[in-house]
Structure formats: C-alpha cells, structure tokens
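Topology and contacts: notes
Each chain is listed here by its residues.
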Amino acid sequence: MKRISFLFLILVACLGFSTQAMAATKKVAVYVEGQMSKSDRSIVSSAVLARMSGNKDFTAYERNSAFINSLDRKQDYQLSGEVSEKEIRKIGERMGVDYVIVINAIVSSDDQCHMSARLINLESGEIIKSVNLQREYEGSRTLSAMANNIAYRLLNKKSK
C-alpha cells in the first residue's frame, strides 16, 4: 500500500511539474515613442529587450520593420503624437505577440528625461503594469539605465 501511495504521489508531482514546464512564455513586443531621435528610441528599445532576455515568463519578440512601420504610419495621422492603444493592440495581434510594452520617452527643455511605460495584454486590453520615471538627462546612459529599470519593474513579479 505504501508503494502505491508513493507511486501515486510521484505521478501527481510529475504531472504538476510537466504542466508548469509546458506553459509557454508570453511573447512581448516593445514600442518606443516620444519626442526624441530614432537613435535614442533605439537605445531605449535595446535596453528593454536586453533586460527581457533573461526573463523566464516573457520572450522578447523581434520588432520587425512591419510592426514599427505600421505604428509609425498610424502615428503620422494623429495630431496628438501618440498612437492609440487600440491600434497598438490590433497591430500586435497581427504580429503574433501576447503583450506589448509601450514606452513614451521625452527629454524636456530643462534636461529632465521622463519615461512612462505600460505592459498591455493584447487579448484583453488590460494594462498589467504601468511605470513612470524621471531623471536628469545626462546622455544616452540615462536613457539606457531608465529603460533597464522600467523593464525590470514591468516584468518582475515582485516589483510594484
């Protein structure tokens, strides 16, 4: 009887672990917008993607030119300068991602860098987490450090 109980316990444990192992990671695309140069937006995007590379729950989705061009075209038609979340969701769904990290970064005239970011579930449209940061702008290192911090705070389960 003890052997049967032990084997049953092992079987249940194996099933539990296999379910966790089979749970697919979520695909995430990154989109950076704001009043800054393309090279600065690239720095922010690269820092977020690099931070995501070690995450077990999320997989970085290679932003291809079709994704960015689609969003940029939508942005060109809007006066506000910001792409609507509805459009981002549509394009993200077409590109096969589960989530999108949208970052708005601005370097103001008083040399302050402002970054806000949202992790959006494309299926439900729910904003999972939102982060806002502000630091004195001292060059590209500031952008990289802020983007790294934003990615950590958005993707880490323990971060608020």
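Residues numbered from 1 in each chain as written. Predicted model: local features only at pLDDT ≥ 70, side-chain atom pairs only at ≥ 80, totals over all residues. Heavy atoms only, no water.

Secondary-structure assignment places Asn-55 in the loop between helix 2 (38–52) and strand 2 (58–60). We classify Asn-55 as partly exposed; its relative accessible area is 22%. For Asn-55 and Leu-155, which are 100 residues apart along the polypeptide, the C-alpha to C-alpha distance reads 7.8 Å. Within polar-contact distance, the side chain of Asn-55 engages the backbone nitrogen of Phe-58 at 3.1 Å. (Helix = DSSP H or I, 4+ residues; strand = E, 2+ residues; numbered from the N terminus. Buried < 20%, exposed > 50% of the residue type's maximum accessible area, 1.4 Å probe, protein only. Polar contact = N/O pair within 3.5 Å; in protein donor to acceptor, adjacent residues only side chain to side chain.)

The predicted model of the protein chain averages 76 in pLDDT, with 63% of residues at 70 or higher. The least confident element of the protein chain, judged by mean pLDDT, is helix 1 (residues 2–22) at 52; the most confident is strand 5 (residues 127–136) at 94. A low-confidence stretch, residues 17–22 stays under pLDDT 50, and its non-local contacts, those more than four residues away or across chains, total zero contacts. (pLDDT = per-residue confidence, 0-100. Contact = heavy atoms within 4.5 Å.)

Okay, the environment of Tyr-152 next. Residue placement: Tyr-152 occurs in helix 5 (residues 140–155). By relative accessible area, which is 35% here, Tyr-152 ends up partly exposed. Distance from Tyr-152 to Met-52, taken between C-alpha atoms, is 8.0 Å for residues 100 residues apart in sequence. Among residues more than four places away in sequence, those in contact with Tyr-152 are Arg-51 and Ser-159.

Turning to the sheet that holds strand 2, a few remarks are in order. Backbone-to-backbone hydrogen bonds pair the strands of a sheet. The strands run either parallel or antiparallel. Reading across the sheet, the five strands line up as 2-1-3-4-5 and stay open at both edges, with mixed pairing between neighbours. Each edge of the open sheet carries a strand with a single partner, namely strand 2 and strand 5. Adjacent strand axes in the sheet meet at a mean angle of 25 degrees, parallel and antiparallel pairs treated alike. Sheet contacts for helix 2: strand 1 (26–33), strand 2, strand 3 (99–107) and strand 4 (112–121); angle to strand 1, the most-contacted strand, approximately 160 degrees. (Pairing = 2+ DSSP bridges. Axes fitted to C-alpha atoms, helices over the stretch in contact; angles between N-to-C directions.)

So, about the pairing of strand 1. Among the eight residues of strand 1, six are classified as buried, and the element is accordingly described as predominantly covered. Bridging between strand 1 and strand 3 involves six bridges; their strand directions are parallel. Note that in strand 3 the partner of Val-30 across the bridge is Ile-101.

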